[in-house]
Amino acid sequence: MSQATQRRYQLPESELPTHYYNIAADLPEPAPPPLHPGTREPIGPEALAPLFPMELIRQEVSAERLIPIPEPVRDAYRVYRPSPLIRALGLERSLNTPARIYYKYEGVSPAGSHKPNTAIPQAFYNRAEGVTRLVTETGAGQWGSALAYAGAQFGIETKVFMVRVSYEQKPYRRSFIQTMGATVTPSPSAETNAGRAILAADPESSGSLGIAISEALEVAATRDDTKYSLGSVLNHVLLHQTVIGQEAGKQMEMAGDVPDVVIGCAGGGSNFAGIAFPLLTERLNGRSRTRFLAVEPASCPSLTRGEYRYDFGDTAGTTPLLKMHTLGNGFRPAPIHAGGLRYHGMAPMISHLYELGFLEARAYAQNTCFEAAVQFARTEGLIPAPESSHAIRAAIDEAVEARQMNEERVILFNLSGHGFFDMAAYDAYLAGDLTDVAFEPQQEAVAV
Ligand SMILES: Cc1ncc(COP(=O)(O)O)c(C=O)c1O
């Protein structure tokens, strides 16, 4: 078969990455540190110790370029990694474009997205330090599914606060989490002070990631036997996701192509960082001109419309202050179907690189993303997660622009997950019932 028609680029298990890539080692200037909200001094490891195991705290602040992946974690990865890189020939043909479109497919993981890439090491490091119970939040249900799965692998009891709108939109995500042996509670809930305060102000609250994070943090802070686990935003989470880009780099070499543009959807930023950071090194060194494009929802546009300032990571204001692009921690995202993109902030590391000019960002409304997702489904045969459809929209727009400019653009995007639990969203789109929600910056935010 000639290279031009090869569709799938598969690495053998022996090529599974041995290390995580830490972009902190290659930054032209360090990212601003997290601050204590009271003193506004950089926080030390002791501030995070009640929440996370020591090894994850070390990774959070590490400047080492390569961090070894423990063998039990690599063993668990082998169930679904290396994940495939696929040339989207069907989509290319339908677009009649000279562009070559590749996607890295993370939907092959047991939970159906990239999230197990960090759930597995997080469960492992917690277990190694004697933790037996984890609490977390989930937006779309993908992260909760991933942590429930990883918890089952390493003998950890898992409790998940699931944003209420997703709990209702995606009942089978809840079933998935319960089938893995974890418990799941719709958020805001009456189980925590943070949840009760939100419900008192708005009994109909559809919830948000920021609120669910506050609930999970409160449980972790008030129970000695429980640590907290976060599915995005923090450095150690982004770090774990770099297995994606390391593999994709090798697979692009197999394909004999160098990406002109690398695309990922961005909620808290972890799947985008995962595909982008290992490939960004060459750009940081001035040896490449590859563009890196983060795509977010028009109704929750933290990178494209948010301010770059210190803010809390959660709604109740319990986290350290993070320097990030933010819509304000009081921002209530509209109940769009891409539940995993409904977060008021963007990872500090991504925000920093965006400020330095190494990244681009774009925002799309949900109907145009579903249109792209359906086009992708009909040409490639895979039904994408609503979050991932944002990356597909951008990839299609890049390919159409390449056609207009008669340019052989090489496009690589991360298909962060499948949408098999999101069929209610597709039903609504196909019935013409989806509304596009405009961004409303006037919503009350706690200024810091
Ligand atoms: C399939 C999928 N893609 C993307 C995201 C966005 O998260 P992040 O920006 O951390 O990758 C999520 C979050 O739940 C998700 O489930």
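Model, not experiment: these values are computed from the prediction.

Rules of the game
- Residues numbered from 1 in each chain as written.
- Predicted model: local features only at pLDDT ≥ 70, side-chain atom pairs only at ≥ 80, totals over all residues.
- Heavy atoms only, no water.
- Phe/Tyr/Trp six-rings, centres within 6.5 Å; stacked < 30°, edge-to-face > 60°.
- Helix = DSSP H or I, 4+ residues; strand = E, 2+ residues; numbered from the N terminus.
- Buried < 20%, exposed > 50% of the residue type's maximum accessible area, 1.4 Å probe, protein only.
- Near = heavy atom within 4 Å.
- Polar contact = N/O pair within 3.5 Å; in protein donor to acceptor, adjacent residues only side chain to side chain.
- Areas by Shrake-Rupley, 256 points an atom, 1.4 Å probe, with all protein chains shown as cover.
- Nonpolar A, V, L, I, M, F, W, Y, C, P; charged D, E, K, R; others polar.
- Pairing = 2+ DSSP bridges.
- Axes fitted to C-alpha atoms, helices over the stretch in contact; angles between N-to-C directions.
- Contact = heavy atoms within 4.5 Å.

Asks: How do you make sense of the packing of aromatic side chains when you look at a structure like this?
Replies: Going through the model one piece at a time under the given rule, you end up with twelve aromatic pairs. Each ring, one from Tyr103 and one from Phe376, has its centre 5.1 Å from the other, and the planes form 75°; the classification is edge-to-face. Within this pair, whereas Tyr103 is found in strand E5 (residues 100–105), its partner Phe376 is found in helix H16 (residues 366–380), the two being separated by 273 residues in sequence. A single burial state applies to Tyr103 and to Phe376, both of which are buried. Ring geometry for Phe370 and Tyr429: centres 5.8 Å apart, planes at 20°, overall stacked. Of this pair, Phe370 sits in helix H16 while Tyr429 sits in helix H18 (residues 423–430), placing them 59 residues apart in sequence.

Asks: How should the site of the ligand be read in this particular structure?
Replies: Surveying the vicinity of the ligand reveals 17 residues, the closest of which are Ser232, Gly267, Gly269, Ser270 and Ser416. In this structure, Lys115 approaches the ligand through a side-chain N or O atom, which is 3.2 Å from an oxygen atom. Asn271 has a polar backbone atom sitting 2.8 Å from an oxygen atom of the ligand. Out of a free accessible area of 380 Å², the ligand has 98% covered by protein chains. Along the lines of polarity and charge, the residues of the shell around the ligand split into four nonpolar, eleven polar and two charged.

Asks: Explain the sheet that holds strand E7 (residues 157–163) to me, please; I cannot follow it from the model alone.
Replies: Adjacent strands of a sheet pair through backbone hydrogen bonds, lying either parallel or antiparallel. Read across the open sheet, the four strands follow the order E8-E7-E6-E9; overall the sheet is parallel. Each edge of the sheet is formed by a strand with only one pairing partner; in this case those strands are strand E8 (183–187) and strand E9 (226–228). Averaged over neighbouring strand pairs, the angle between their axes works out to 25° when direction is ignored. Across six bridges, strand E6 (residues 133–138) lies against E7 in parallel orientation. Residue pairing for E7: Arg133 is matched across the bridge by Glu157. Seen against the sheet, helix H6 (residues 142–154) touches E6 and E7 and runs at an angle of roughly 160° to E6. Docked against the sheet, helix H8 (residues 171–179) engages E7 and E8, running at close to 145° with respect to E8.

Asks: Looking at this structure, I do not really get unusual backbone geometry. What am I missing?
Replies: Where the residue is not glycine, phi is negative for most of them; where a peptide bond is considered, it is trans in most cases. In the segment running from Arg81 into Pro82, the intervening peptide bond is cis, with an omega of -10°. Along the chain, Pro82 falls in the loop between helix H3 (71–77) and strand E4 (85–87). Of the consecutive residues Ser187 and Pro188, the connecting peptide bond is found in the cis state with omega at 10°. Mapped onto the fold, Pro188 is located in the loop between E8 and helix H9 (193–201). For Asn96, which is not a glycine, the phi torsion comes out positive at approximately 50°. Residue classification places Asn96 among the exposed positions, given a relative accessible area of 59%.

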